[in-house]
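# Coordinates in review
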Amino acid sequence: MNTLERTLTSNEVAKMIGTTNGELMKSIRTYISHLADGNIPSGDFFIASTYKDANNQERANYLLTKKGCEMVSNKITGAKGTQFTAKYVSRFNDMESHIKQEVDTSHLSPELQ
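Calculation notes
- Residues numbered from 1 in each chain as written.
- Predicted model: local features only at pLDDT ≥ 70, side-chain atom pairs only at ≥ 80, totals over all residues.
- Heavy atoms only, no water.
- Core = buried A, V, L, I, M, F, W, Y, C linked by side-chain atoms within 4.5 Å.
- Buried < 20%, exposed > 50% of the residue type's maximum accessible area, 1.4 Å probe, protein only.
- Helix = DSSP H or I, 4+ residues; strand = E, 2+ residues; numbered from the N terminus.
- Contact = heavy atoms within 4.5 Å.
- Phe/Tyr/Trp six-rings, centres within 6.5 Å; stacked < 30°, edge-to-face > 60°.
- Lys NZ or Arg CZ within 6 Å of the ring centre and 35° of its normal.
- Axes fitted to C-alpha atoms, helices over the stretch in contact; angles between N-to-C directions.
- Parallel < 35°, antiparallel > 145°, perpendicular 65-115°, else oblique.
- Nonpolar A, V, L, I, M, F, W, Y, C, P; charged D, E, K, R; others polar.
- Pairing = 2+ DSSP bridges.

Moving on, we come to the nonpolar core. In terms of nonpolar packing, the biggest core is built from 22 residues, with Phe46 and Val72 touching the most fellow members. If you list the elements that add at least two residues to this core, you get α1 (10-17), α2 (21-37), β3 (58-64), α3 (66-75) and α4 (78-102). Broken down by element, the residue count for this core peaks at six residues, all from α2. Ignoring any residue separated from it by four or fewer positions in sequence, one finds valine 72 in contact with Val13, Ile17, Leu24, Tyr31, Phe46, Leu64 and Phe84.

Structure below.
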């Protein structure tokens with residue numbers, strides 16, 4: 001399973017929570033700084049990345065793991081927080097289902113399946 005199959009982009013998350021990618025990235029950088037202060041590896045939450053914009057120019061963004069999405073959702077209150085949590089949980093469940101479908105477990109014992 002590669003990183004892209006286990007993450008959402010900061011662009012996607014920004015749309016889900018009704019902000020810009022730039023504003024979300026600013027928050028993520030703050031979270032990364034706080035994690036570093038506590039000697040907690042930020043790569044478990046956020047992974048620096050890039051994407052090509054509409055003009056085919058490379059732009060910075062982050063890949064958010066499930067833990068990263070959980071961290072973002074814990075910072076959002078009210079309806080937006082509830083809606084984002086529902087959206088990201090659904091997306092990760094869809095990803096996990098897709099990955100499980102791709103794995104052939106027929107040769108494994110019932111316990112391991």
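Moving on from the coordinates now.
Turning our attention to the environment of arginine 29. Position of arginine 29 relative to the elements: it lies in helix α2. Assessed through its relative accessible area of 45%, arginine 29 is described here as partly exposed. For arginine 29 and phenylalanine 46, which are 17 residues apart along the polypeptide, the C-alpha to C-alpha distance reads 9.2 Å.

This part is about the packing of aromatic side chains. Enumeration according to the criterion identifies three aromatic pairs in this entry. With a centroid separation of 6.3 Å and 35 degrees between ring planes, the pair formed by phenylalanine 45 and phenylalanine 46 is classed as tilted. The residues phenylalanine 45 and phenylalanine 46 share a single accessibility class, namely buried. Here a set of aromatic residues connected by ring pairs shows up, and it is made of Tyr31, Phe45 and Phe46. The residue whose ring lies beneath lysine 67 is phenylalanine 45, and the NZ or CZ to ring-centre distance is 5.8 Å.

With that out of the way, let us pick up the packing of α2 against α3. The interhelical angle for the contact between α2 and α3, taken along N-to-C directions, is 105 degrees, at an axis separation of 12 Å. Put simply, α2 runs roughly perpendicular to α3. Residues Leu24, Tyr31 and Leu35 of α2 form the contact with α3, whose participating residues are Met71, Val72 and Lys75. Split by residue class, the contact of α2 with α3 holds five nonpolar, no polar and one charged.

What follows is about the packing of α1 against α2. For the pair α1 and α2, the least separation of the axes is 8 Å and the interaxial angle reads 105 degrees. Accordingly, the angle class assigned to the pair α1 and α2 is roughly perpendicular. Contacts from Ser10, Asn11, Val13, Ala14 and Ile17 of α1 reach α2 at Asn21, Leu24, Met25 and Ile28. Partitioning the contact of α1 with α2 into residue classes produces six nonpolar, three polar and no charged.

For the rest of this paragraph, the subject is the pairing of strand β2 (residues 46-52). Of the pairings in the sheet, the one linking β2 to β3 comprises seven bridges and is antiparallel in character. Bridge pairing in β3 places lysine 52 opposite glutamate 58. Turn length for the β2-β3 hairpin, with the two strands adjacent in sequence and antiparallel, is five residues, and the turn residue asparagine 56 shows positive phi of about 65 degrees.

The next subject is the pairing of β3. Pairing of strand β1 (residues 8-9) with β3, which is carried by two bridges, proceeds in the antiparallel orientation. Of the residues in β3, the one forming a bridge with threonine 9 is leucine 63.

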